[in-house]
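# Fold and contact review
Next come the chains, spelled out residue by residue.
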Amino acid sequence: LIEKGFLKRPVMFFNKVPVKLFNKLVKIVGEHGGQIVNTEEAATHIIEWNEETDNFPEELTEDYIRILDRKAPELGGATFVHWWYYPDSYNEWITSSDVSYADAPDLVYMGPKKEKWTVCCRFVTDCDLFNEWGNEMDYENETPEED
């Protein structure tokens, strides 16, 4: 899959990462087939510390979901969800009654992947936890739009 280009390993540049965490992140990236580069231009993923997300406990007290699809009530009424901070392999169909019907499916999810992501350090540490890379959208650091 890698040779044919169907599976791409992340190429990472560390920017604004705490010194005490740096060696741990480098080790995890190497163990999971990622690559580390010295410039942002060469990277697919820019890793930056995010005060809020990177300070979350490993086990969250609340579950966050992104709705990917919904079946009409006459077709069983299930909802296909992505659990934040879990790899896509954890996506599942759940009973629609467990989800607010006011929430619409996230159609952005179906679009093409970005060529370059700016994500928090937890993107790397969660890879070590789950033994697979997560969904970048869960870890994305929002950068202010330039005028």
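Everything below is about the structure shown above.
Now for a quick tour of the structure.

Conventions used here
- Residues numbered from 1 in each chain as written.
- Predicted model: local features only at pLDDT ≥ 70, side-chain atom pairs only at ≥ 80, totals over all residues.
- Heavy atoms only, no water.
- 1 Å grid on protein atoms, 1.4 Å probe; cavity = no way out; pocket = protein on both sides within 12 Å on 5 of 7 lines; lining within 4 Å.
- Points joined across faces, edges and corners; volume = space filled by probe spheres on them.
- Helix = DSSP H or I, 4+ residues; strand = E, 2+ residues; numbered from the N terminus.
- Nonpolar A, V, L, I, M, F, W, Y, C, P; charged D, E, K, R; others polar.
- Axes fitted to C-alpha atoms, helices over the stretch in contact; angles between N-to-C directions.
- Parallel < 35°, antiparallel > 145°, perpendicular 65-115°, else oblique.
- Left-handed = near helix turned anticlockwise from the far one by under 90°.
- Contact = heavy atoms within 4.5 Å.

## With respect to the layout of surface pockets
- Estimated volume of the second largest pocket: approximately 250 Å³.
- Lining the second largest pocket are 13 residues, with Lys24, Asp54, Glu58, Arg122 and Thr125 positioned closest to its centre.
- Secondary-structure elements contributing two or more residues to the lining of the second largest pocket are α1 (19–31) and α2 (122–130).
- It is α2 that contributes the most residues to the lining of the second largest pocket, four residues altogether.
- Looking at the lining of the second largest pocket residue by residue, the classes come out as six nonpolar, two polar and five charged.

## Some words on the packing of α1 against α2
- Taken N-terminus to C-terminus, the directions of α1 and α2 make an angle of 55°; their axes are 9 Å apart at the nearest point. By the criterion of interaxial angle, the relationship of α1 to α2 is oblique. Between α1 and α2 lies a crossing whose hand is left-handed. Contacts between α1 and α2 pair Lys24, Leu25, Ile28, Val29 and Glu31 from the former with Val124, Thr125 and Asp128 from the latter.
- Residue classes in the contact of α1 with α2 are distributed as four nonpolar, one polar and three charged.

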